[in-house]
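Chain by chain, the residues run as shown.
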Amino acid sequence: MLLKGKNVVITGSGRGIGKAIAVACAKEGANVGLTSRTLGELNSTKKEIEELGSRVKIVVKPADITKFEEVEKAFKEFNNELGLLNGVIANAGYSRMWTTHEFINEKFAEILNINVLGVFYTFKAAYPCMKKDDKKDKARFIITGSEAYPNAPSKLTAYVATKYAVVGMQKAMATEYKRENINFSMVLPTQVDTSLLRGKKAGDGSKPEHVLNPWDLNDYYIFLLTENANRINNGLIFSYDFQEVKKVLTEAPSGKKENWEVFKDYFKERAPKSYDNVKDYGKLVDFIISRS
Ligand SMILES: NC(=O)c1ccc[n+]([C@@H]2O[C@H](COP(=O)([O-])OP(=O)(O)OC[C@H]3O[C@@H](n4cnc5c(N)ncnc54)[C@H](OP(=O)(O)O)[C@@H]3O)[C@@H](O)[C@H]2O)c1
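Please read these numbers as outputs of a predicted model, since none were measured by experiment.

### Here we look at the nonpolar core
Next up, step 1: V32, Y221 and I237 are the most contacted members of the largest nonpolar core, which totals 74 residues.
Next up, step 2: The element contributing the most residues to this core is helix α1 (residues 16–27), with eight residues.
Next up, step 3: In this view, Y221 contacts I21, A24, I89, I142 and V187; residues no more than four positions away in its chain are not counted.
Next up, step 4: Counting six residues, the second largest nonpolar core, distinct from the first, contains I111, A148, A158 and V160.

Here it is as structure tokens:
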């Protein structure tokens, strides 16, 4: 188990990507703190983890990520019940689609509040409870970004603004907390089969092929929480490029797919654009190979 005894809090863990991360962390032996606004959904994540038969601690604390007092209270309780936190995943998010001049003002503000202010509140509330005394295994603050950075799809102006904003926030914080044994990184997914993308159709078995399942991202988050990622700070893990890695690995002949060293030239030839976003994360490719 890769995260045995670690304490990880995941925001937005009632459904979708956050739920998949929480289950994956618990499978790897981490104690988990679950938060979002909907208690029933958080309890269903808790139940799914309990059904795995693992003995990890699961702490559920509902909070609205846009209300600092609620977020601060939840983190104090996570700290009391779990101990110091090794990892915090700022994953809660929201989006709506309209042409920009028709965007409803309140909805624009709500998206900014959840996706930007929510990440700030998460970090501010988590900071006092993060384990900052271990140079060899630093605390991790991981943000769920999006391919909206840098692709900027139309009719998603508010969402795009937020996903650009968190890239900048991460860069600033990665420098600011460099000496405090906290690493920052971000997973930037393409489209994923969740209610954010597909509403009530999420998980109905009819997703388009290019749309990922929430659990397809688990390897990226787990890797970032392990000691293998101890030196990654201000990391940007674009899921598109690592899904390319997985695809090319299935086609690679033996002798070219055993580790990053032997795979990298083969991958560069077949996916030159993805190579640029992957080349600094050879350890993640090795991790993917070890899990396949
Ligand atoms: N799905 C995609 O295609 C996709 C692609 C790229 C990036 N992402 C990112 O992935 C992250 C997770 O989204 P998802 O796709 O898994 O969507 P989702 O299934 O709708 O889950 C979103 C989670 O965020 C929580 N949340 C929303 N507003 C909140 C608030 N005010 N306070 C506390 N929690 C709140 C939701 O719970 P409550 O509503 O109960 O509070 C829910 O648990 C987001 O940051 C999103 O931008 C998604």
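From this point, the narrative continues.
### Details of the site of the ligand
Next up, step 1: As a structural note, the neighbourhood of the ligand is formed by 27 residues, with G12, G16, R37, T38 and G93 the closest of them.
Next up, step 2: Its residues assigned to classes, the shell around the ligand comprises nine nonpolar, 14 polar and four charged.

### Description of the environment of N183
Next up, step 1: Of note, N183 is situated in strand β6 (residues 182–188).
Next up, step 2: Each C-alpha atom of the pair N183 and F120 lies 15 Å from the other, and the pair is 63 residues apart in sequence.
Next up, step 3: In contact with N183, other than residues within four places in its own chain, are K138, R140, I232 and N233.

### Points about helix α2 (residues 39–51)
Next up, step 1: Here α2 spans 18 Å end to end across 13 residues, near enough to the 18 Å set by a 1.5 Å rise per residue.
Next up, step 2: Burial in α2 covers these residues: E41, L42 and T45. Down the axis, α2 shows its buried residues gathered within 105 degrees of arc, on one side only. α2 presents L39, G40, K47 and E51 as exposed residues on the side facing more than 90 degrees away from its buried surface.
Next up, step 3: Here the buried face of α2 lies against α1, β2 (31–35) and β3 (58–60).
Next up, step 4: Among the residues trailing α2, G53 stands out with phi positive, at a value near 85 degrees.

### Structural notes on the sheet that holds β3
Next up, step 1: Across the sheet, seven strands lie side by side as β3-β2-β1-β4-β5-β6-β7; this open sheet has parallel pairing. Of all the strands in the sheet, the pair left with one neighbour each is β3 and β7 (235–238). For this sheet, the mean inter-axis angle between neighbouring strands, taken without regard to orientation, is 15 degrees.
Next up, step 2: One ladder, built from six bridges, connects strand β5 (residues 139–144) with β6; its direction is parallel. Its bridge partner lying in β6, I142 is registered against S185.
Next up, step 3: Helix α4 (residues 105–126) contacts β1 (7–11), β4 (87–90) and β5 of the sheet and is inclined by roughly 165 degrees relative to β4.

### Overview of the packing of helix α9 (residues 239–251) against helix α12 (residues 282–291)
When two helices pack together, you describe them by how their axes are tilted relative to each other and by the distance separating the axes.
Next up, step 1: Viewed as axis vectors pointing N to C, α9 and α12 meet at an angle of 50 degrees, and their least axial separation amounts to 11 Å. One element, α9, and the other, α12, form an angle in the oblique class. Crossing hand, α9 versus α12: right-handed. Counted together, F242, V245, K246 and L249 of α9 and L284, V285, I288 and I289 of α12 form the full contact between these two elements.
Next up, step 2: Split by residue class, the contact of α9 with α12 holds seven nonpolar, no polar and one charged.

About the criteria used
- Residues numbered from 1 in each chain as written.
- Predicted model: local features only at pLDDT ≥ 70, side-chain atom pairs only at ≥ 80, totals over all residues.
- Core = buried A, V, L, I, M, F, W, Y, C linked by C-beta atoms within 7 Å.
- Buried ≥ 20, exposed ≤ 12 C-beta atoms within 10 Å, placed from the backbone.
- Helix = DSSP H or I, 4+ residues; strand = E, 2+ residues; numbered from the N terminus.
- Contact = placed C-beta atoms within 7 Å.
- Near = placed C-beta within 6 Å.
- Nonpolar A, V, L, I, M, F, W, Y, C, P; charged D, E, K, R; others polar.
- Expected span 1.5 Å × (residues − 1).
- Arc of directions from axis to C-beta.
- Pairing = 2+ DSSP bridges.
- Axes fitted to C-alpha atoms, helices over the stretch in contact; angles between N-to-C directions.
- Parallel < 35°, antiparallel > 145°, perpendicular 65-115°, else oblique.
- Left-handed = near helix turned anticlockwise from the far one by under 90°.

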